[in-house]
Amino acid sequence: MQLWPSSPLAFSLCLTAGLEAQDWTGMRARMVTTQIERRGVKHPGVLAAMREIPRHLFVPEAVRSSAYEDRPLPIGHGQTISQPYIVGSMTELLDVKPGHKVLEIGTGSGYQAAVLCRLAARVFSIEIVEPLARESYARLQTLGCGNVRVRAGDGYLGWPEEAPFDRIILTAAPPEIPQELIRQLKNGGRLIAPVGRQWQDLVVIDKDAAGKVSERVQYPVVFVPMVPGRK
Ligand code: SAH
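Reading the values: rules and limits
- Residues numbered from 1 in each chain as written.
- Predicted model: local features only at pLDDT ≥ 70, side-chain atom pairs only at ≥ 80, totals over all residues.
- Heavy atoms only, no water.
- Pairing = 2+ DSSP bridges.
- Helix = DSSP H or I, 4+ residues; strand = E, 2+ residues; numbered from the N terminus.
- Axes fitted to C-alpha atoms, helices over the stretch in contact; angles between N-to-C directions.
- Contact = heavy atoms within 4.5 Å.
- Near = heavy atom within 4 Å.
- Polar contact = N/O pair within 3.5 Å; in protein donor to acceptor, adjacent residues only side chain to side chain.
- Areas by Shrake-Rupley, 256 points an atom, 1.4 Å probe, with all protein chains shown as cover.
- 1 Å grid on protein atoms, 1.4 Å probe; cavity = no way out; pocket = protein on both sides within 12 Å on 5 of 7 lines; lining within 4 Å.
- Sits in = over half its atoms within 2 Å of the grid points.
- Nonpolar A, V, L, I, M, F, W, Y, C, P; charged D, E, K, R; others polar.
- Buried < 20%, exposed > 50% of the residue type's maximum accessible area, 1.4 Å probe, protein only.
- Disulfide = S-S within 2.5 Å.
- Arc of directions from axis to C-beta.

Q: Now, about the sheet that holds strand β7 (residues 185-196): what can you tell me, with residues and values included?
A: Backbone hydrogen bonds are what pair the strands of a sheet, in a parallel or an antiparallel way. Read across the sheet, seven strands follow the order β5-β4-β3-β6-β7-β8-β9 without closing on themselves; strand pairing throughout is mixed. At either margin of the open sheet sits one strand with a lone partner, and together these are β5 (148-152) and β9 (213-221). Strand after strand, the sheet turns through a mean of 15° between neighbouring axes, direction not considered. Inspection of the sheet shows strand β8 (residues 200-207) paired to β9 by seven bridges, in the antiparallel sense. The residue bridging Lys-207 from the neighbouring strand is Val-213, located in β9. Sitting on the sheet, helix α3 (residues 84-94) is in contact with β3 (101-105), β6 (165-170), β7, β8 and β9, with an inclination near 165° to β9. In the packing of helix α5 (residues 130-142) onto the sheet, contacts are made with β4 (122-127) and β5, and the angle to β5 comes to roughly 165°.

Q: Please set out the site of the ligand residue by residue, giving values where relevant.
A: Around the ligand, a shell composed of 27 residues is seen, among which Gly-106, Ser-109, Glu-127, Gly-155 and Val-227 lie nearest. In this structure, Gly-155 approaches the ligand through a main-chain N or O atom, which is 2.8 Å from a nitrogen atom. Taken by itself the ligand offers 580 Å² of open surface, and the protein chains cover 99% of this. Most atoms of the ligand, that is more than half of them, are within 2 Å of grid points of the largest pocket. The greatest single-element share of the shell around the ligand, amounting to three residues, is contributed by strand β2 (residues 79-81). Partitioning the shell around the ligand into residue classes produces 13 nonpolar, eleven polar and three charged.

Q: Can you lay out the pairing of β8 for me, pointing to particular residues and giving the numbers?
A: Most of β8 sits out of view: six of its eight residues are buried. Strand direction decides the pairing type here: β7 and β8, joined by seven bridges, are antiparallel. Bridging across to β8, Arg-190 finds its partner in Asp-206. Linking β7 to β8, which pair antiparallel, is a turn of three residues.

Q: If you had to explain the state of the cysteines to someone new, which residues and values would you point to?
A: The full count for this structure, using the stated rule, is one disulfide. Paired through a disulfide, Cys-117 and Cys-145 show a sulfur-sulfur distance of 2.4 Å. Taking the torsion about the sulfur-sulfur bond, which here is approximately -60°, the covalent link between Cys-117 and Cys-145 counts as left-handed. Of the two residues, Cys-117 is situated in helix α4 (residues 111-117) and Cys-145 in the loop between α5 and β5; the sequence distance between them amounts to 28 residues. By relative accessible area, Cys-145 is classed as buried at 0%.

Q: Describe the side chain of Asp-166, with residues and values.
A: With respect to the helices and strands, the residue Asp-166 is situated in strand β6. Polar contacts involving the side chain of Asp-166 include one to the main-chain amide nitrogen of Lys-101, which spans 2.8 Å. Discounting chain neighbours no more than four positions away, the residues touching Asp-166 are Gly-99, His-100, Lys-101, Leu-185, Lys-186, Gly-189 and Arg-190.

Q: Requested: an account of helix α2 (residues 44-52), with residues and values cited.
A: By the burial criterion, the buried members of α2 are Val-46, Leu-47, Ala-49 and Met-50. The buried side chains of α2 occupy one side of the element, clustering within an arc of 165° when seen end-on.

The following block contains the structure:
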């Protein structure tokens, strides 16, 4: 009976593959504990989703080894995947419930949509850079997020055919909240968005049962700008 690979090379390859697989999971567990839980995010569903989703598969190979670091990373086309803490904190703030229909503006890598797909019933995500929309849709399908639809288009227009939404999250910053998106929010719904130009505030908009809108500022953030759609 042979318990170990026969050659030293095969043995070291096995070891590397084994360690690598373990490492991503370990790195991800550490990311959630040190960067997210320790900074105050408590929502069990958000923490569980972030422990499971292979964030390293949402970034280009060249930056893969940094996938679990405490910062945003470039994903091509001049865009970035948000810092893990911001994803965790914003998703907690969004307060998604299992039956919810959620709209995301700025699909990017699809990572935020993957977190949402585990918490909501359905997720609709709009990305203005067509190749990013295509790539992230394919990635989300491969990773089991069959309840996410991605549209290549202008987020300022929202997704009128699917409106109204229980929750809306913007992950690119408009100079002010687009009124069309507030219109597509259900009564009793919540929208969160980074708002501003160079420096932004994370703004939380609540629409009450009667349709009255209230707004509060949560904390300062830095996101890529939401670009106006090409007409
Ligand atoms: N949520 C993403 C990160 C967002 S980066 C993730 O998890 O990876 C912001 C994204 O918003 C970029 O991909 C950018 O192309 C997109 N974007 C910018 N302006 C937009 C617009 N008007 N409509 C839709 N998407 C837009």
